[in-house]
Amino acid sequence: KFDLSSLTKAISAGETLPKATWEAFHEATGLRIADGLGSTEMLHIFVSAAPADMRSGFTGKAIPGYEARVVDEDGNTLGYLTVANRAGTRPIDPRERELLEMLSDYLAVAIHNSRLYGEVAETKQYLEQLISSAGDAIVTVDAAAKKHGWNPAAERIFGKAADQVVGQPFAS
């Protein structure tokens, strides 16, 4: 489990988030996810909802500077989703592109670190379960040569509870 108490905003993009996922996240965190539709090739989200409009099952509307319609192959409304940058909007400035690249690099590192943290937590839980269920006594000792860990098998074999020996010198 993760501590999400410092989380203040949540964004999902790429494709519309399933309603059940949005609702489960909202129930668990109290946060409404800004659900967006976007593509890497266009460099960002082009359909999203304003904070007041965020709700499950609603991706939003085309953001300013973009047009999004569901059309068929002949351009008649209804069919495929097409997105076009409206004529007259300015292109992305090289400095803005550089900032976006830096932010995306930072976000990639944050996501990678979050995944690593999850892997470490899972490994820790696995090892704790392994030590707890081992049939052999496992006693861990800290840098000061004091007993730090004492598994259930050690309690059974040595006849002493963990709270009686943890913190005591190893030699005793």
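This one's a predicted model, so the numbers in the text were calculated from it and none came from an experiment.

**Examining the overall build of the protein**
Argument step 1. Counting secondary structure elements, the protein contains 4 helices and 9 strands.
Argument step 2. Walking the protein from its N terminus toward its C terminus, one meets helices and strands in the order β-α-β-β-β-β-β-β-α-β-β-α-α.
Argument step 3. Counting across all 172 residues of the protein, residues that qualify as buried make up 17%.
Argument step 4. Sequence-distant contacts in the protein: of pairs separated by 6 or more residues, those separated by 24 or more amount to 17%.
Argument step 5. Accessible area of the protein: about 13,000 Å², with a carbon and sulfur share of 57%.

**With respect to the pattern of salt bridges**
Argument step 1. Scanning the model with the defined rule gives 1 salt bridge in all.
Argument step 2. Glu128 is paired through a salt bridge with Lys124; the nearest N and O atoms lie 2.9 Å apart. Taken as a pair, Glu128 and Lys124 lie in helix H2 (residues 94-133) at a separation of 4 residues, close to a single helical turn.

**Overview of the environment of Phe58**
Argument step 1. Of note, Phe58 is situated in the loop between strand E4 (44-48) and strand E5 (61-62).
Argument step 2. Ignoring any residue separated from it by four or fewer positions in sequence, one finds Phe58 in contact with Asp35, Ala49 and Asp53.

**Observations concerning the pairing of E4**
Argument step 1. Two strands pair when backbone bridges link them, and strand E3 (residues 37-39) and E4 are joined in this way by 3 bridges, in the antiparallel orientation. Looking at the pairing, Leu37 lines up with Val47 of E4.
Argument step 2. By the bridge criterion, 2 bridges tie E4 to E5 in an arrangement that is antiparallel. For Ser48, the partnering residue across the bridge sits in E5 and is Lys61.

**Notes on the packing of aromatic side chains**
Argument step 1. Evaluated as defined, the whole model comprises 1 aromatic pair.
Argument step 2. Ring geometry for Trp150 against Phe158: centres 5.4 Å apart, planes inclined by 40 degrees, an arrangement best described as tilted.
Argument step 3. A relative accessible area of 14% places Trp150 in the buried class.
Argument step 4. What makes Phe158 partly exposed here is its relative accessible area of 49%.

**Some details on unusual backbone geometry**
Argument step 1. Phi at Ala145 is positive, roughly 60 degrees, even though this residue is not glycine.
Argument step 2. Within the secondary structure layout, Ala145 lies in the loop between strand E8 (139-141) and strand E9 (147-150).
Argument step 3. When its relative accessible area of 41% is taken as the criterion, Ala145 is described as partly exposed.

**What to know about the sheet that holds E3**
Argument step 1. Taken together, 3 strands build an open sheet; the order of strands is E3-E4-E5 and the sheet is antiparallel. Each end of this open sheet is capped by a strand with a single partner; those strands are E3 and E5.

**Things to note about a nonpolar patch on the surface**
Argument step 1. A surface patch of nonpolar side chains, amounting to about 400 Å² of accessible area, comprises Phe2, Leu4, Leu7 and Tyr117.
Argument step 2. Tracing the backbone through its elements, the reader meets Phe2 in the segment before strand E1 (10-12).
Argument step 3. We classify Phe2 as partly exposed; its relative accessible area is 48%.

**What to know about the side chain of Ser12**
Argument step 1. Tracing the backbone shows Ser12 in strand E1.
Argument step 2. For Ser12, a relative accessible area of 15% puts it in the buried group.
Argument step 3. Excluding residues that lie within four positions of it along the chain, Ser12 makes contacts with Leu17, Ile33, Ala34, Asp35 and Gly36.

**So, the pairing of E9**
Argument step 1. Pairing of E8 with E9, which is carried by 3 bridges, proceeds in the antiparallel orientation. For Thr140, the partnering residue across the bridge sits in E9 and is Gly149.
Argument step 2. The turn linking E8 back onto E9 is made up of 5 residues, and Ala145 within it adopts a positive phi angle of 60 degrees.

Conventions adopted
Residues numbered from 1 in each chain as written. Predicted model: local features only at pLDDT ≥ 70, side-chain atom pairs only at ≥ 80, totals over all residues. Heavy atoms only, no water. Helix = DSSP H or I, 4+ residues; strand = E, 2+ residues; numbered from the N terminus. Buried < 20%, exposed > 50% of the residue type's maximum accessible area, 1.4 Å probe, protein only. Contact = heavy atoms within 4.5 Å. Areas by Shrake-Rupley, 256 points an atom, 1.4 Å probe, with all protein chains shown as cover. Salt bridge = Lys/Arg side-chain N within 4 Å of Asp/Glu carboxyl O. Pairing = 2+ DSSP bridges. Phe/Tyr/Trp six-rings, centres within 6.5 Å; stacked < 30°, edge-to-face > 60°. Patch = residues over 30% accessible without salt bridge, like charges linked within 9 Å, V, L, I, M, F, W, Y side chains within 5 Å.

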